[in-house]
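Okay, here's what each chain looks like letter by letter:
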Amino acid sequence: VTEDLLRNATRKVAATARRHLGPHPSPEELIAYQAGELSSVQEERLQAHFALCPDCTATVLDLGAFPNLELRVGAPGPLKDLIPDWQSVRERLSEEEPVDAMAQTRGSLPWREKLLVAVAASFFLATVGLSYRVNTLEQRLVKGEVARGNVPLFTLAAEGVDRIRGQEQVSVSSDRFNLMLFVANPGSYKDYSLEAVSGRDQRSVIWRLENLVPTSEGIFLISDVSRRELPPGPYLLRLYGGAKRLAEYQVLFQYDKIP
Amino acid sequence: MDDPDSMGRHDQKPAPGEMTPAELYQRYAPSVAKFFANRQFSREQVQDLTQDTFLSVLRGLKGLRSRERLEAWVFKIAANKWRNACRDWTTARSYFREGVADKPLEAEEDPAATEDRHRSDNPLRITLIREEHRLLREALAELSPPLQNVVLLRLDQNLSYEEISTVLRIPTGTVKSRLNSAVRQLRDALGHAYGEVSL
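Since the structure is predicted, the reported quantities are computational estimates derived from the model, not experimental observations.

A.B. asks: Before we go on, may I ask you to explain the packing of helix H8 (residues 145-156) of chain B against helix H10 (residues 172-190) of chain B in this structure?
C.D. replies: Residues and elements named next belong to chain B. Taken N-terminus to C-terminus, the directions of H8 and H10 make an angle of 100°; their axes are 9 Å apart at the nearest point. By the angle between their directions, the pair H8 and H10 is classed as roughly perpendicular. On the side of H8, the interface is formed by Pro146, Leu147, Val150, Val151 and Arg154, while H10 contributes Arg178, Leu179, Ser181, Ala182 and Gln185.

A.B. asks: Would you take a moment to explain the nonpolar core for this structure?
C.D. replies: Within soluble globular proteins, side chains that are nonpolar generally end up buried alongside one another. Among the nonpolar cores identified, the biggest contains 77 residues, and Leu24, Phe36, Phe54 and Val151 of chain B are the most heavily contacted of them. Aside from chain neighbours lying at most four places away, what touches Leu24 of chain B is Met19, Ala29, Phe54, Val57, Leu58, Leu61 and Leu70 of chain B. Membership of the second largest hydrophobic core comes to 22 residues, among which are Phe177, Tyr192, Ala196 and Val251 of chain A.

A.B. asks: So what exactly am I meant to see when it comes to the interface of chain A and chain B here?
C.D. replies: Note: interface size is frequently given as the accessible area lost on complex formation between the parts. Taken together, the contacts link 82 residues of chain A with 86 residues of chain B. Here chain A is connected to chain B by six salt bridges. Residue Arg169 of chain B is joined to Glu43 of chain A by a salt bridge in which the shortest nitrogen-to-oxygen separation is 2.6 Å. At the surface where chain A touches chain B, the tally comes to 22 residue pairs in polar contact (both at pLDDT 80 or more). Counting residues per element, the ones that place at least two in the side of chain A that touches chain B are helix H1 (3-18), helix H2 (27-34), helix H3 (40-52), helix H4 (54-65), helix H5 (79-82), helix H6 (86-104), helix H7 (111-143) and strand S8 (244-255) of chain A. The biggest single contributor to the side of chain A that touches chain B is H1 of chain A, with 14 residues. The residue makeup of the side of chain A that touches chain B, split by class, is 44 nonpolar, 16 polar and 22 charged.

A.B. asks: Would you mind going over the side chain of Glu248 of chain A with me for this structure?
C.D. replies: Residue and element names in this part refer to chain A. Its place among the elements puts Glu248 in strand S8. Within the local environment of Glu248, its side chain forms a polar contact with the side chain of Arg238, the two groups lying 3.0 Å apart. A polar side-chain atom of Glu248 sits 2.7 Å from a polar atom in the side chain of Arg245.

Conventions we followed
- Residues numbered from 1 in each chain as written.
- Chains lettered and ligands numbered in written order.
- Predicted model: local features only at pLDDT ≥ 70, side-chain atom pairs only at ≥ 80, totals over all residues.
- Heavy atoms only, no water.
- Axes fitted to C-alpha atoms, helices over the stretch in contact; angles between N-to-C directions.
- Helix = DSSP H or I, 4+ residues; strand = E, 2+ residues; numbered from the N terminus.
- Parallel < 35°, antiparallel > 145°, perpendicular 65-115°, else oblique.
- Contact = heavy atoms within 4.5 Å.
- Core = buried A, V, L, I, M, F, W, Y, C linked by side-chain atoms within 4.5 Å.
- Buried < 20%, exposed > 50% of the residue type's maximum accessible area, 1.4 Å probe, protein only.
- Salt bridge = Lys/Arg side-chain N within 4 Å of Asp/Glu carboxyl O.
- Polar contact = N/O pair within 3.5 Å; in protein donor to acceptor, adjacent residues only side chain to side chain.
- Nonpolar A, V, L, I, M, F, W, Y, C, P; charged D, E, K, R; others polar.

Dropping the structure here:
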């Protein structure tokens, strides 16, 4: 007997037995199996299935390794091409939520759907409230209550940690300007700081601002920035909470001639 | 910005309440995409399934509390999407139906011919190999289910000891001892014909 002969015989046995293979276990069963929550009889049934089913075996192995999976040979790659843009996921989510909420208001709803409606309504109210607050802040800025008046205000949004929405273009025609930075989750840190790194080499720190304080809505107002501090060109603005990088904003500053 | 290929390799495991949707996406989207890519879906299908998975994850996020359940929950949603896709998509269905491991079996219908193709056309030798093969299959069929499982995973699915240990949820030492027991029983059944093959 050679190893090849033994392997062939085993495969023949497996192929014959596979013809009588029962239904695949559900994902819930696989997770319960991996967590050791099944009875010994159920475990034996699943193990007999795994011995004959490469698909379920691979799924159990992936479950054991999750979330630290590796791409197997033959899988399409590279990985960055496989992950859809977060922005599109978020847009789809926000598009669907109001529709679901409208549909669920008709007739009597189960408690889970009522909860969804309540969550959607909360999001809506929070959005309205935040918009009002931002609008008020903008007005206060323009009036000079928060910072110097008659200074243009630019808003920059980041998509969570290390996610850049795209290069924002800031065209300034006055000597000074204000920036309003949005961050997905400012957290709670003792110190917040902002640094401007050259967008060309992404290393040289051109400008740094310490002791920033977020508003109660998690917005950072950077007021009275002089165009002399940030010469025209591309920058990477990095917002830190303590030593943790909270967000990055890719910005292109373009200065017009001061009238 | 970090290389997207390195996304998800974080040691910290914050609780769901401590993560924003964007952070949750950043942490688990690469793993979910790999899960689908490992199932032979096309690039576009991987993107669609990953997006669908996260829409379900984020819609249901409010109902989740404990840290321990988060990864299993994300995986469950991904696995359910995969199962549904296998039912819905022709390509996935054909992959599922044909089964990767089934393909070589068809080519190995005549083990004696495979074994002896390059040696000789001696009818007596071919007959002996066929007989050996029949005896082997009978001996394999006589093994107890726990021994059959480890032999099938080792020889049919080409798994390592560690992988078998993960799949069967038994220590690696138990895997090795079961394989040794299987070899002993096969040797007893086949006598000297078994030779020195180990698993």
